[in-house]
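# Chains, contacts and geometry: an overview
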Amino acid sequence: MTKTASVVIIGGGISGCAIAYNLAKKGVKDVVVVERSYLTSGATGRCGAGIRTQWGTERNCKLAKFSVDFFENANEILGYKRDIEFKQGGYLIVAATEKEVEQFKKNVELQNSLGIPSKYLSPQEAKEIVPHLDETKILGATFCELDGHLNPFHTTEAFAQAAERLGVEIMTFTEVVGIDVEGDKIKGVHTTKGYISTPIVVNAAGGYCRQIGDMVNVDIPTYSERHQILVTEPVEPMQEPMVMGFSLNIYTQQVPHGSFLIGRGDPTEPKDLRITSSWQFMEKMAKTACDLLPALGKLAVVRQWAGLYNMTADAQPIYGPVKEVEGFYLAVGFSGHGFMLGPATGQIMAEIILGEPTTIDVSDLDKDRFARGELVLEPSVV
Amino acid sequence: MIEKTGVPTKEDIEEITPPKEIREKQAVAVIECYKEIPCNPCYTACKFGAIKEFEDINDRPEIIYEKCVACGQCVIKCPGLAIFIIDETYSETEATVQIPYEYLPLPKEGDYVTALDRAGRPVCRAKVVKVRKGKHPNMTSTVTMAVPKEHSMTVRSLNLEDYFADNTIICRCEGITLGEIRQLISEGYTTIDEIKRISRAGMGPCQGRTCRHLIMQEIRNATGQNMEDMLMPTFRQPTKPVKLGLFVGGEGDD
Ligand SMILES: Cc1cc2nc3c(=O)[nH]c(=O)nc-3n(C[C@H](O)[C@H](O)[C@H](O)COP(=O)(O)OP(=O)(O)OC[C@H]3O[C@@H](n4cnc5c(N)ncnc54)[C@H](O)[C@@H]3O)c2cc1C
């Protein structure tokens, strides 16, 4: 079976589905999304799905704010008949070192200047927002009520269904196995369900983006790294905001359904594509969680799993075309916060592909910034 | 085997299964008389000569399918309740199975019941399409049920309770009903992974031990997919819920 597309998007996560939706909304016909398993089978379906506007660089603040604004009305905009479960309970980001205190105060200033209503709090004030927090473990905190979290499955579905209604074809359980390039131009994509001829390929393959890059001999400067997470049994509502600490290495939220999601990063994690679960994670996670939020010790863990972060050297995504191959676009390297950027990713990538001015300038987030040594370092990441 | 369990083996069943060409063409009696016993009312009941004359009263009955008109006389006369009428020509996707039924109350036509296999295990949902009441209170009645075609040689009994009704809860952890699962399947979510992510079925403390298989059955019923070929979600640790505090010295356990 051979078909023709104007754009083939590789990856059915939040990025791929949001890009497809935005292209179709702008009137592009024959957009095809190719996903090797089911939608959200990659990082999107494994993530904490937290969204925060409290960032340390101006652009991340803007990208996230754009996305929050979108999520607030996403059910309506996307015409989704279920619910993306956006719970805007805020993010409480706790500082446990003097350096963090300093950085957070700077962040709040920046955020406020961009219209983000975050504020700096004393440990006592933080405890008023999250009563089961052990405030003796922290030096301060910042809080922003705009922040929150969503259900990643429904959010992706909402984009995917809206895209399909606009004519996008989504091929699940279809793997891209090769890409044809002729004279430095994209010609088509080989999949396990046939050939698709196309002048444009968007690499939105998350943790597997380098394997896609290899198909066109473009080296993508990211690496993948396992991140683990667990979920508890559902309990009565007891925590409104997401609680997050960078040096304490924890993020945890209580989803509307009642379960707590709890995750952390591991600096010793090897750079590979493993997504197995480890007991070491469970032990370390339990310790971190029970230290900061002792009440969580009473909750039973139901399940743990893992997914891939696709990391860049400056913890910012790579957006845009590549010089080596015409028609090959990247939306990768989200470094653990690509879910929340979904709406912005979709909008901006569609604009870039159509040669329109972008809503938020991301021209310096190109792939070659690393080679040039022009990193755009984000200080506030887990 | 059958002496011990009362349930015929696969080979036993193969032996008495009418040939495919016959089943595709006509309704027909299936005689599930697996043992030689001194008994011949099926032969005397058949007015069409479709059951061969017995040389010995202990003979097992032999049916001449071409002569069988599926009148059901043998079904109500067989004292062992061992004869059934199956009709695979009933519709594109369904067959009917007529069974002798000696319990009260009888189901009503139009009722949904649970079709059972020879061992009494639920197989699928069945619609009662005909109830033939015995002429006298002590005579055998028959019930004819419509079931998916592939179950014509599996379904041999019924339970009046409709296990497979839309309001049956199949994911007990998350309180999700069969109706909700059917709705999702009809919307195109045809893998367990997708259904799990959209509905939460299988995300609870039991991690799908109860519902997974039932959801697979529903997917099979709706799409014809083979259950063996279905992709299974990953089985994740811990195998049973453990208090988080237990990992840091047991404080979490009351
Ligand atoms: C534990 C964890 C917690 C996280 N928490 C958060 C959070 O709180 N907030 C946040 O914003 N982000 C979070 N993230 C990061 C976030 O999940 C990702 O940045 C985001 O989901 C990336 O989406 P994506 O669509 O770009 O990639 P993915 O969701 O990974 O999608 C890529 C898809 O490409 C498919 N694919 C790969 N190769 C091929 C091929 N050859 N052919 C066809 N398809 C292919 C994959 O199957 C996959 O579905 C977290 C990540 C993890 C692992």
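This text follows the structure it describes.
Residues numbered from 1 in each chain as written. Chains lettered and ligands numbered in written order. Predicted model: local features only at pLDDT ≥ 70, side-chain atom pairs only at ≥ 80, totals over all residues. Heavy atoms only, no water.

## A short note on the pairing of strand β3 (residues 94-101) of chain B
Residue and element names in this part refer to chain B. Most of β3 sits inside the fold, with seven of its eight residues counted as buried. Note: strand β2 (residues 83-87) against β3, three bridges, orientation antiparallel. By the bridge assignment for β3, Ile86 is matched with Val97. With antiparallel pairing between neighbouring strands as the criterion, β2 and β3 make up a hairpin whose turn holds six residues. Where β3 lies against strand β6 (residues 141-148), eight bridges are found, and the strand directions are antiparallel. Residue pairing in the sheet places Gln98 in a bridge with Thr144 of β6. (Buried < 20%, exposed > 50% of the residue type's maximum accessible area, 1.4 Å probe, protein only. Helix = DSSP H or I, 4+ residues; strand = E, 2+ residues; numbered from the N terminus. Pairing = 2+ DSSP bridges.)

## A word on the site of the ligand
Residue and element names in this part refer to chain A. Around the ligand sit 38 residues in total, of which Ser15, Glu35, Thr44, Gly338 and Met340 are the nearest. Ala43 has a polar backbone atom sitting 2.9 Å from an oxygen atom of the ligand. Starting from 1,000 Å² of accessible surface for the ligand in isolation, the protein chains cover 97%. Elements with a contribution of two residues or more to the shell around the ligand: α1 (14-25), β14 (223-232) and β18 (300-311). Tallying contributions element by element places β18 first for the shell around the ligand, with three residues. (Near = heavy atom within 4 Å. Polar contact = N/O pair within 3.5 Å; in protein donor to acceptor, adjacent residues only side chain to side chain. Areas by Shrake-Rupley, 256 points an atom, 1.4 Å probe, with all protein chains shown as cover.)

## Quick look at the pattern of salt bridges
Residue and element names in this part refer to chain A. Per the stated rule, a full pass over the model turns up 35 salt bridges over all chains. As a salt-bridge pair, Asp368 and Lys323 come within 2.7 Å of each other at their nearest N and O atoms. Pair noted here: Asp368 is in the loop between α9 (342-353) and α10 (369-372) and Lys323 is in the loop between β19 (318-321) and β20 (328-332), with a separation of 45 residues, a long-range link. For Lys367, the salt bridge is made with Glu324, and the minimal N-O distance between the two is 2.8 Å. Of this pair, Lys367 sits in the loop between α9 and α10 while Glu324 sits in the loop between β19 and β20, placing them 43 residues apart in sequence. Using a relative accessible area of 35% as the deciding quantity, one classes Glu324 as partly exposed. (Salt bridge = Lys/Arg side-chain N within 4 Å of Asp/Glu carboxyl O.)

## So, helix α7 (residues 192-199) of chain B
Most of α7 of chain B sits out of view: eight of its eight residues are buried. For α7 of chain B, the full list of buried residues reads Ile192, Asp193, Glu194, Ile195, Lys196, Arg197, Ile198 and Ser199 of chain B. In this structure, the buried side of α7 of chain B is in contact with α6 (152-165) of chain A together with β9 (176-177), α6 (178-186) and α8 (211-223) of chain B. Arg200 of chain B sits one or two residues past α7 of chain B and shows a positive phi near 80°. (Contact = heavy atoms within 4.5 Å.)

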